[in-house]
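Residues per chain are reported as follows:
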Amino acid sequence: MGQSDTASARLREHVAPVLEGDDWECVDESPDRLRVEGSDRTLVVDRHDGPGRESRWSLTLRADGTTVGKFGRFESLDEVRAQVSALQGTDVRYTVCCDGERS
């Protein structure tokens, strides 16, 4: 198992318990990405190489197909788990720009 395969397994191991009991489904899992969808949002966790080739993690929150938040780069999976936990129960809000488009 390569470094990214091990990272993916560790990622799922850290994130899945936070989402248990809620209506979340893993819809995409690869060595460098985990995407889970809930009833009103999608969480995407991506693995990136850090300066010393160690894993770094970013988290994207989407609602209705639109990115509403980006977080990271996290140095540990504990930080990812804490952010997923914080986002799990929060309300998703949109900002309306001057041209009337949501962002």
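As the structure is a computational prediction, the values presented were derived from the model and not from experiment. (Residues numbered from 1 in each chain as written. Predicted model: local features only at pLDDT ≥ 70, side-chain atom pairs only at ≥ 80, totals over all residues. Heavy atoms only, no water.)

What about the pattern of salt bridges?
Part 1: A complete count under the given rule lists 9 salt bridges for this structure.
Part 2: Arg-47 serves as the salt-bridge partner of Asp-32, at 2.8 Å between the closest nitrogen and oxygen. Of the two residues, Asp-32 sits in the loop between β1 (25–30) and β2 (33–37) while Arg-47 sits in strand β3 (residues 42–49), which places them 15 residues apart along the sequence.
Part 3: With a shortest N-O distance of 2.9 Å, Arg-47 and Asp-49 are connected by a salt bridge.
Part 4: A relative accessible area of 34% means that Asp-49 is categorised as partly exposed.
Part 5: Residues participating in the shared-partner salt-bridge network are Asp-32, Arg-47, Asp-49 and Arg-53. (Salt bridge = Lys/Arg side-chain N within 4 Å of Asp/Glu carboxyl O. Helix = DSSP H or I, 4+ residues; strand = E, 2+ residues; numbered from the N terminus. Buried < 20%, exposed > 50% of the residue type's maximum accessible area, 1.4 Å probe, protein only.)

Focus: unusual backbone geometry
Part 1: The peptide bond linking Gly-72 to Arg-73 adopts the cis configuration, its omega dihedral lying at 20°.
Part 2: Take Arg-73: it is sitting in strand β5 (residues 66–74).
Part 3: Of note in the backbone geometry, Arg-53 takes a positive phi value of approximately 70° without being a glycine.
Part 4: According to the relative accessible area criterion, Arg-53 is exposed, its value standing at 53%.
Part 5: The backbone of Asp-64 shows a phi angle near 55°, a positive value even though the residue is not glycine.

Side note on the pairing of β2
Part 1: Of the two faces of β2, only one is covered, namely that formed by Leu-34 and Val-36; the face formed by Arg-33, Arg-35 and Glu-37 stays uncovered.
Part 2: Across 5 bridges, β1 lies against β2 in antiparallel orientation. By the bridge assignment for β2, Cys-26 is matched with Val-36.
Part 3: Taking the residues that link successive antiparallel strands as the turn, the β1-β2 hairpin has 2 residues.
Part 4: Here β2 pairs with β3 via 5 bridges, running antiparallel. Across the sheet, the residue bridging to Leu-34 is Val-45, located in β3. (Pairing = 2+ DSSP bridges.)

This is a description of form; function is not addressed.
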